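Analysis of the macromolecular model
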Amino acid sequence: MSSEQAPRIGWRAPAVEEELPQLRLVVGDARLSTAGAARSGSPSGVRRRLHELSNRYRGARAVGVRREPVPSAYRVFYRQIGLDPEVARTPIEEAVLERMLRGGFLSEGLLQDVLLIALVDTGVPVWALDAQAVHGELGVRLSLEGEPLGRASDALPLPAGRLVVADDTAALGLLFGELAGGCQVGSDTRELTLFAVQVAGVPMLYLEEALWIVRNGLERAR
């Protein structure tokens, strides 16, 4: 992996670093061959991989996924920040539940498919932003009372003290939650900023692999 492709560690606000010292935002980049490719249909190799993963997560494996080391680490972190993982499911548990309800991991377009493959392969969720909407480097901080989620004029205000993924000027998403409108990957996106969240018990190797899976899947698609 070249230095320009190597994942980098995002910044943390002092209050976050003090309260959650093992929390890390790991950031990467991807470039599409053509604008709109992220929202196009997936090539056969990606669809085949989804089918293979669907066969891997059946019965007992699907039911027991929460007890595997990486999913379990995210469940512990959810409780640490005040989320009940029985109510607000971790991304991998939500994905496996959808697989059981729908009978498989179904293709929903290139970007969603490669994000899902990375999640199911590693247990690590990855999010994607339009790089043109990111001003500076990404990091994690606490929201300010009334600040908007994103830069849109109709963005809803946030309460104080929520953990948010932010760039130099705005909150772009809730940690493990929704992304702001206006920064998501669209039909004219060519360059993407990817990020994953490291918590205690999740080795960096897993995050690097998840980011590589997404970048490789996007950049190889034609």
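Everything below is about the structure printed above this text.
Residues numbered from 1 in each chain as written. Predicted model: local features only at pLDDT ≥ 70, side-chain atom pairs only at ≥ 80, totals over all residues. Heavy atoms only, no water.

Glancing now at the pattern of salt bridges. Counted under the stated rule, the structure contains 15 salt bridges. With its nearest N and O atoms 2.7 Å apart, the salt bridge here joins Asp29 to Arg8. With Asp29 in strand 3 (residues 24–31) and Arg8 in strand 1 (residues 8–9), the pair connects residues that are 21 residues apart, well separated along the chain. Bridged by salt links that share partners, the residues Arg49, Glu52, Arg56 and Asp121 form one connected network. (Salt bridge = Lys/Arg side-chain N within 4 Å of Asp/Glu carboxyl O. Helix = DSSP H or I, 4+ residues; strand = E, 2+ residues; numbered from the N terminus.)

Attention shifts here to unusual backbone geometry. Even without a glycine there, the phi angle at Phe176 is positive, about 65 degrees. Using a relative accessible area of 14% as the deciding quantity, one classes Phe176 as buried. (Buried < 20%, exposed > 50% of the residue type's maximum accessible area, 1.4 Å probe, protein only.)

A word on the packing of helix 5 (residues 91–102) against helix 6 (residues 110–122). Running from N to C, helix 5 and helix 6 cross one another at 105 degrees; their axes reach a closest spacing of 10 Å. Considered as vectors, helix 5 and helix 6 are oriented roughly perpendicular to each other. In this structure, helix 5 contributes Pro91, Ile92 and Ala95 to the contact, and helix 6 contributes Leu116, Leu119 and Val120. Per-class residue counts for the contact of helix 5 with helix 6 are six nonpolar, no polar and no charged. (Axes fitted to C-alpha atoms, helices over the stretch in contact; angles between N-to-C directions. Parallel < 35°, antiparallel > 145°, perpendicular 65-115°, else oblique. Contact = heavy atoms within 4.5 Å. Nonpolar A, V, L, I, M, F, W, Y, C, P; charged D, E, K, R; others polar.)

Attention now moves to the sheet that holds strand 7 (residues 171–174). The strand order across the open sheet built from four strands is 2-5-6-7, with neighbouring strands paired in mixed fashion. The sheet terminates laterally at strand 2 (11–12) and strand 7, the two strands that pair on one side only. (Pairing = 2+ DSSP bridges.)

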